[in-house]
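# Residue-level structure breakdown
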Amino acid sequence: MKISPAISPRPYARRRRPTDNKRKERIVMATDSEWQIIEERAETARMSISRFMVERALVRHQHAGDNGAWDEIVAAANIAIKAEETAGR
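Residues numbered from 1 in each chain as written. Predicted model: local features only at pLDDT ≥ 70, side-chain atom pairs only at ≥ 80, totals over all residues. Heavy atoms only, no water.

## Topic: the overall build of the chain
When helices and strands are tallied, the chain shows three helices and zero strands. Secondary structure elements in the chain, listed N-terminal to C-terminal, are α-α-α. Expressed as a percentage of the 89 residues in the chain, the buried residues total 13%. A separation of at least 24 residues holds for 40% of the contacts in the chain among residues at least 6 apart in sequence. Only carbon and sulfur atoms are counted for the fraction: they give 53% of the accessible area of the chain, which is about 8400 Å². (Helix = DSSP H or I, 4+ residues; strand = E, 2+ residues; numbered from the N terminus. Buried < 20%, exposed > 50% of the residue type's maximum accessible area, 1.4 Å probe, protein only. Contact = heavy atoms within 4.5 Å. Areas by Shrake-Rupley, 256 points an atom, 1.4 Å probe, with all protein chains shown as cover.)

Here is the structure:
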């Protein structure tokens, strides 16, 4: 007896990712000012923060010399770090 797709026990079963590609929650440490910059950049890119960070980390090396936005994030983060260090003294 052949089962038709319409009455299959799992007609829309979701494909599982291989276990080595399973996404996991990660923790990122950032100052409030760094995080604000990251949030703004992710919103501008119309991405979630986590996707933005992963994409920027992986794409940066592929497009050497085209790091304008990334360089701005790093520069702003460095300024924020120095300001916090100065305030803490």
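## Some words on the environment of M53
Along the chain, M53 turns up in helix α2 (residues 49-59). For the pair M53 and E39, spaced 14 residues apart in sequence, the C-alpha to C-alpha distance is 9.9 Å. For M53, the residues in contact, after removing those within four places along its chain, are V28, W35 and I38.

## Overview of the nonpolar core
With five residues, the main nonpolar core is built from I37, I38, A42, F52 and I73. Ranked by residues supplied to this core, first place goes to helix α1 (residues 32-44) with three residues. When neighbours within four sequence positions are excluded, F52 is seen to be in contact with I38, R41, A42, A45, M47 and I73. (Core = buried A, V, L, I, M, F, W, Y, C linked by side-chain atoms within 4.5 Å.)

## A look at the confidence of the model for the chain
Detailed reading of the predicted coordinates is not advisable wherever pLDDT falls low. Mean pLDDT for the chain: 75, with 65% of residues reaching 70 or above. Mean pLDDT across the elements of the chain ranges from a minimum in helix α3 (residues 68-88), with 74, to a maximum in α1, with 91. (pLDDT = per-residue confidence, 0-100.)

## Looking at the pattern of salt bridges
Applying the stated rule across the entire model yields one salt bridge. The salt bridge involving E55 is made with R51; its shortest N-O contact spans 2.9 Å. With E55 and R51 both in helix α2 and four residues apart, this pair spans about one turn of that helix. (Salt bridge = Lys/Arg side-chain N within 4 Å of Asp/Glu carboxyl O.)

## Section: the packing of α1 against α2
Two elements in contact, α1 and α2, have axes whose closest approach is 9 Å; the angle formed by their N-to-C orientations is 90 degrees. Here α1 is positioned roughly perpendicular relative to α2, judged by the angle of their axes. Of the residues in α2, those touching α1 at W35, I38, E39, R41 and A42 are I49, F52 and M53. Residues of the contact of α1 with α2, tallied by class, amount to six nonpolar, no polar and two charged. (Axes fitted to C-alpha atoms, helices over the stretch in contact; angles between N-to-C directions. Parallel < 35°, antiparallel > 145°, perpendicular 65-115°, else oblique. Nonpolar A, V, L, I, M, F, W, Y, C, P; charged D, E, K, R; others polar.)

## Comments concerning α1
For α1, spanning 13 residues, the distance from its first C-alpha to its last is 18 Å, which sits close to the expected 18 Å at 1.5 Å a residue. Looking only at α1, the buried set comprises E34, I37, I38 and A42. The buried residues of α1 occupy an angular sector of 130 degrees when the element is viewed end-on, so they sit on one face. Of the exposed residues in α1, the ones pointing more than 90 degrees away from its buried face are D32, E43 and T44. (Expected span 1.5 Å × (residues − 1). Arc of directions from axis to C-beta.)

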